[in-house]
Amino acid sequence: MSYIPFPQISPEIFAIEIFGMTLALRWYALAYIVGLIGGWRLALDTLRRPALWHGAPPMSADQVERLLTWVIVGVILGGRFGFVLFYQPGFYLQNPAAILRVWEGGMSFHGGFLGVVVAGILFCRREGIAMLKAADIMALAAPLGLFLGRVANFINAELWGRPTSLPWGVAFPGDAAQNCPGVVGICARHPSQLYEALLEGLLLGLALIWLAYRRGWLKWPGALTGVFLAGYGAARFVVEFVRQPDAQFITEGNPLGLALHIGGYGLTMGQILSLPMIAAGLWLLLRARPA
């Protein structure tokens, strides 16, 4: 069986020793940093183009900088508590102190998204900003971070896909990745992180930029947000078919790790959480009107 060996890339870009402590910069952290800064710069560039808007742009440069702080807090708190509530509530109910151990891993995109929504609503109410216009700016900026985050997931050899015999299957390292019942020898898996990087990051991001800069969709408040929600939800829903589910959902009678299933058919947790995003996105698209 042909497969692609996992590239020898360390999760750490560099590490230094200071007073007996090791401080390391990891690719995942860099993805967050570059994604947030890049999204901030794209938002500023968009707001500096009055022709893209119907009337005055909704925010000033200072407000975008303050919004960035709110978004960072929303991503971290929402992502962590979303993982706790959606994926391992039983464990964290018995070990509440572990909730704060974010360095051990465990972040949920859907939780982070909800955190950003709450942060954005509170910020817009405080600053007197039109929520749908602000949401369109955040939707335009988000795919860069999603793309970089999924590439970092690949470098970290985490969140890999189900076993596959396709020639672009990747032999991820580690006992967990190589534990593939029924597979003899090297187990190759779908590089589902890269599928998501291309779909919900690169392609969705390019589509949003084209709609905003070439088709004038920023003059229809909520339209870009609708495309982002429906586009991300659809991409994640499709990739879930080849993405390895979280271990806590896999049992002897449920080898596919379906969170909701009847007679062997059902949905993964990622698909369940994506359906409301698709519905909300379509609803916003149907209701979008010129400002």
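Residues numbered from 1 in each chain as written. Predicted model: local features only at pLDDT ≥ 70, side-chain atom pairs only at ≥ 80, totals over all residues. Heavy atoms only, no water.

Participant: Whenever I open this one, the overall build of the protein chain confuses me. Can you help?
Facilitator: Per the secondary structure count, the protein chain includes eight helices and six strands. Along the protein chain, helices and strands appear, N-terminal first, in the series β-β-β-α-α-α-α-α-β-α-α-β-β-α. Scaling as 2.2 N^0.38, a compact globule of 291 residues should have a C-alpha radius of gyration of about 19 Å, and the protein chain matches this with 20 Å. If one aligns the C-alpha atoms of the protein chain with their principal axes, the spans along those axes are about 65 × 55 × 40 Å. Expressed as a percentage of the 291 residues in the protein chain, the buried residues total 41%. Of the contacts made within the protein chain by residues no fewer than 6 positions apart, 70% connect residues no fewer than 24 positions apart. A gap of 12 Å separates the mean positions of the 20 positive and 15 negative side-chain charges of the protein chain. (Helix = DSSP H or I, 4+ residues; strand = E, 2+ residues; numbered from the N terminus. Rg over C-alpha atoms; globule rule 2.2 N^0.38 Å. Buried < 20%, exposed > 50% of the residue type's maximum accessible area, 1.4 Å probe, protein only. Contact = heavy atoms within 4.5 Å. Lys, Arg positive; Asp, Glu negative; His and termini not counted. Charge placed at Lys NZ, Arg CZ, Asp CG, Glu CD.)

Participant: What's the story with the nonpolar core in this structure? I'm lost.
Facilitator: Met59, Leu208, Leu224 and Phe228 are the most contacted members of the largest nonpolar core, which totals 31 residues. Counting the residues that make up this core, at least three belong to each of domain 1 (4-57 + 141-287) and domain 2 (59-129). Those residues in contact with Phe228 that sit more than four places away from it in its chain are Phe113, Ala139, Ala142, Pro143, Leu146, Leu204 and Leu208. Of all hydrophobic cores here, the second largest spans nine residues; its members include Phe83, Tyr87, Met269 and Leu273. (Core = buried A, V, L, I, M, F, W, Y, C linked by side-chain atoms within 4.5 Å. Domains from an automatic or database assignment.)

Participant: Looking at this model, I keep getting lost on the state of the cysteines. Mind explaining?
Facilitator: In protein chemistry, a disulfide is the covalent bond that joins the sulfur atoms of two cysteines. Under the defined criterion, the tally for this structure stands at one disulfide. Covalent S-S linkage joins Cys180 and Cys187, the inter-sulfur distance amounting to 1.9 Å. Disulfide Cys180 to Cys187: torsion about the S-S bond roughly -85°, handedness left-handed. Residue Cys180 is classed as buried on the basis of its relative accessible area, which comes to 6%. With relative accessibility at 1%, the residue Cys187 sits in the buried group. (Disulfide = S-S within 2.5 Å.)

Participant: Help me out: how do you make sense of helix α1 (residues 27-47) in this one?
Facilitator: An α-helical turn contains 3.6 residues, so any two residues separated by three or four positions project in the same direction. With 21 residues, α1 should reach 30 Å at 1.5 Å per residue; the first-to-last C-alpha distance of 30 Å fits that figure. Along α1, the residues that are buried comprise Ala31, Gly35, Gly39, Ala43, Leu44, Thr46 and Leu47. In this structure, the buried side of α1 is in contact with α2 (61-86), α5 (131-155) and α6 (192-213). (Expected span 1.5 Å × (residues − 1).)

Participant: Please explain the UniProt feature "transmembrane region" (unreviewed entry) in the protein chain as it appears in this structure.
Facilitator: This chain's UniProt record puts "transmembrane region" (unreviewed entry) on residues 27-47, 67-87, 107-125, 137-155, 194-213, 220-239 and 259-286. Regarding residues 137-155, the helix share stands at 100% and the strand share at 0%, and the terminal C-alpha atoms are separated by 29 Å. Secondary structure content for residues 194-213 is 100% helix and 0% strand, while the C-alpha to C-alpha distance between its ends is 27 Å. (UniProt positions renumbered as here; feature names shortened; annotations may be inferred.)

Participant: It is not clear to me how the domain arrangement of the protein chain should be interpreted in this structure. Could you clarify?
Facilitator: In many analyses, interface size is given as the accessible surface area lost on bringing the parts together. Along its sequence, the protein chain is organised into domain 1 (4-57 + 141-287) and domain 2 (59-129). Domain 1 and domain 2 are separated by 17 Å when their C-alpha centres are compared. Contacts between domain 1 and domain 2 engage 21 residues on the former and 15 residues on the latter. Carbon and sulfur atoms make up 74% of the surface buried where domain 1 meets domain 2, a total of about 1600 Å² over both sides. Sorting the residues of domain 1 by area buried against domain 2 places Leu36, Trp40 and Leu273 first, and these three jointly supply 30% of that buried surface. Connecting domain 1 to domain 2 are zero salt bridges. Applying the counting criterion to the domain 1 and domain 2 interface returns two residue pairs in polar contact (both at pLDDT 80 or more). Per-element accounting of the side of domain 1 that touches domain 2 gives the leading share, six residues, to α1. (Buried area = accessible area lost by both parts, 1.4 Å probe. Salt bridge = Lys/Arg side-chain N within 4 Å of Asp/Glu carboxyl O. Polar contact = N/O pair within 3.5 Å; in protein donor to acceptor, adjacent residues only side chain to side chain.)

Participant: How should the environment of Ser10 be read in this particular structure?
Facilitator: As for its placement among the helices and strands, Ser10 is situated in the loop between β1 (4-5) and β2 (12-18). With a relative accessible area of 42%, Ser10 lands in the partly exposed category. With 210 residues separating them in the primary sequence, Ser10 and Trp220 have C-alpha atoms 44 Å apart. Apart from the residues lying within four places of it in its own chain, the contact partners of Ser10 are Trp27 and Ile155.

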